[in-house]
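Coordinate inspection notes
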Amino acid sequence: MNFELSDEQQLIVDTVRSFVENEIYPHEAEVERTGTVPPELGREIADKCKEIGFFAANMPEEFGGGGLNQLDFTLLERELGRASMALSVYFGRPSGILAACEGEQRERYLLPSITGEKVDALAMSEPDAGSDIRGMKCTARADGGDWVINGSKHFISHANIADFVIVFVASGEEETSSGPKKKISCFLVDRGTPGFEIRSGYESVSHRGYHNSILTFDNCRLPSSQMLGEPHSGFELANRWLYATRLTVATMSVGRARRVMDMVVPYCVERKQFGKSIGKFQGVSFKLADMITEIDAADWLTLSAAWRVDKGLPSNREIASAKVFATEMLAHTTDEALQIYGGMGLMSDLPIERFWRDARVERIWDGTSEIQRHIISRELLRPLES
Ligand SMILES: Cc1cc2nc3c(=O)[nH]c(=O)nc-3n(C[C@H](O)[C@H](O)[C@H](O)COP(=O)(O)OP(=O)(O)OC[C@H]3O[C@@H](n4cnc5c(N)ncnc54)[C@H](O)[C@@H]3O)c2cc1C
């Protein structure tokens, strides 16, 4: 066992930390105020990310990506997590699932995503199918050599800036011992495809400026060449690739919590009440002790889950543990930080209330805390059940 970062890992951490501090922090207050990111600023961040050689760092080297393993990429995203989500989304990290592109899909989707010419979004959730993804009602019907898609998706992150969307739809049903089960297929759908519309979604208290969209499909006809993977293999594709998004949420939560600590510890020294720094009061200093302990625990849980992925070890439970623990830690850390800042913590003059608001969504998206607990407990119980 070795907990030390290699020189290369340290370089990744230092480079991304310096990037977020110099290229992203200065724009955060304005994005908070306006709720938007000007397109030219988004492009500027993407271009600078390319200059430092980290654009598409998660994608395979053979297609021009950075080829980082999961652990190194998790370290990168931990630093990125310090920054505003609305801005850090331009630090290009295409969906890893695009590595499943075959034939001309590689030219049309995979390669342009790696060079930054195209941006993807990923759509599973529907108004009536959130945690229960198999309950989805958006369908794909085979028609001649084509597929015809009908239905809608909602909550789709950054689809407003996407050139195409990776969409999961129900493509049939099969009988299983536990009753009928929907078969799922995955499609690559270009913005502008007839019958496909991307509309503005809801206003969220978390991550102002990072928008979600509603997608509608009205007899949207797609050639079978738009299907990612084999027909009806959408669930297997999702299971194979989408673990990474839960690690993203976990590690970005750790990064954000560390940024909060960077602010709150000096504040405990500077802020004086009753003639003393508030950090001298045990009621405050013990909060700090608990906060840093939880942050370190979440960090190690997340990094060790990423390490397991690289080793090819079973990691489903460990990733779920990292996601649930890190996101609940972030909620606690930001809430305690706000308490330590007192009334000023609630005011938008400081970013503390933003960190507190932003933390709320982390326990919901990419599988709620309850669903992560299902995954964890299922893995414990299943081997013992007959
Ligand atoms: C801002 C935002 C962005 C998002 N971006 C995307 C995106 O880009 N792409 C995408 O596909 N989706 C996206 N989502 C959707 C997100 O993944 C879902 O919100 C999440 O999976 C939960 O689904 P739901 O909101 O429908 O809640 P529901 O599934 O309706 O759950 C409601 C409550 O019931 C609980 N619950 C449900 N089932 C169980 C159970 N079996 N046991 C115990 N408790 C249960 C949940 O934990 C939750 O507390 C986004 C969501 C948000 C808020």
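Structure first, text after, so check above.
Notes on the structure follow. (Residues numbered from 1 in each chain as written. Predicted model: local features only at pLDDT ≥ 70, side-chain atom pairs only at ≥ 80, totals over all residues. Heavy atoms only, no water.)

Now for helix α10 (residues 352-362). Summarising burial for α10: nine of the eleven residues are buried, a large majority. Burial in α10 covers these residues: Ile352, Glu353, Arg354, Phe355, Arg357, Asp358, Ala359, Val361 and Glu362. In this structure, the buried side of α10 is in contact with α1 (7-34), α4 (85-88), α7 (243-270) and α9 (316-341). (Buried < 20%, exposed > 50% of the residue type's maximum accessible area, 1.4 Å probe, protein only. Helix = DSSP H or I, 4+ residues; strand = E, 2+ residues; numbered from the N terminus. Contact = heavy atoms within 4.5 Å.)

On to the site of the ligand. Taken together, 17 residues are adjacent to the ligand, and Ser125, Ser131, Phe155, Thr368 and Glu370 come closest. Broken down by secondary-structure element, the contributors of at least two residues to the shell around the ligand are β1 (120-123), β3 (146-157) and α11 (369-381). (Near = heavy atom within 4 Å.)

For the second largest pocket, the calculated volume is near 490 Å³. Lining the second largest pocket we find 16 residues, and of these Asn2, Phe3, Leu71, Trp300 and Leu303 sit closest to its centre. Those elements that provide at least two residues to the lining of the second largest pocket are α3 (70-80) and α8 (282-311). For the lining of the second largest pocket, the element with the most residues is α8, which contributes six residues. (1 Å grid on protein atoms, 1.4 Å probe; cavity = no way out; pocket = protein on both sides within 12 Å on 5 of 7 lines; lining within 4 Å. Points joined across faces, edges and corners; volume = space filled by probe spheres on them.)

A separate point is the nonpolar core. Judged by nonpolar contacts, the single largest core of 57 residues is most densely connected at Leu76, Ile166, Phe168 and Leu228. Among the elements that take part in this core, α1 stands out by supplying six residues, more than any other. The contact partners of leucine 228, leaving out residues within four places of it in the chain, are Ile97, Ala100, Cys101, Gln105, Ile166, Cys186, Phe187, Leu188 and Leu237. (Core = buried A, V, L, I, M, F, W, Y, C linked by side-chain atoms within 4.5 Å.)

This next bit is on the pairing of strand β5 (residues 179-190). In this sheet, β5 lies alongside strand β4 (residues 164-176) in antiparallel orientation, the contact comprising twelve bridges. Each bridged residue has a counterpart across the sheet, and for valine 167 the counterpart in β5 is phenylalanine 187. Between β4 and β5, which pair antiparallel in sequence order, lie two residues. (Pairing = 2+ DSSP bridges.)

So, on to the pattern of salt bridges. Using the criterion set out here, one finds 29 salt bridges in the structure. Measuring nitrogen to oxygen at the nearest pair gives 2.9 Å for the salt bridge that ties glutamate 28 to arginine 259. With a gap of 231 residues between them, glutamate 28 in helix α1 and arginine 259 in helix α7 connect regions that are remote in the sequence. A salt bridge links aspartate 128 to lysine 137; the nearest nitrogen and oxygen atoms lie 2.9 Å apart. Each of the two residues, aspartate 128 as well as lysine 137, counts as exposed. (Salt bridge = Lys/Arg side-chain N within 4 Å of Asp/Glu carboxyl O.)

Right, let's get into the packing of aromatic side chains. One pass over the full model with this rule turns up nine aromatic pairs. Plain terms: the ring middles of tyrosine 210 and tryptophan 365 are 6.0 Å apart, the flat faces sit at 85° to each other, and that makes the pair edge-to-face. One end of the pair, tyrosine 210, is in the loop between β6 (196-200) and β7 (212-223); the other, tryptophan 365, is in the loop between α10 and α11, and 155 residues separate them in sequence. Just as tyrosine 210 is buried, tryptophan 365 falls in that class too. In this arrangement the basic side chain of arginine 259 is found over the ring face of tyrosine 25, its NZ or CZ atom lying 3.7 Å from the centre. (Phe/Tyr/Trp six-rings, centres within 6.5 Å; stacked < 30°, edge-to-face > 60°. Lys NZ or Arg CZ within 6 Å of the ring centre and 35° of its normal.)

Fair warning: the whole summary comes from geometry, so function is off the table for now.
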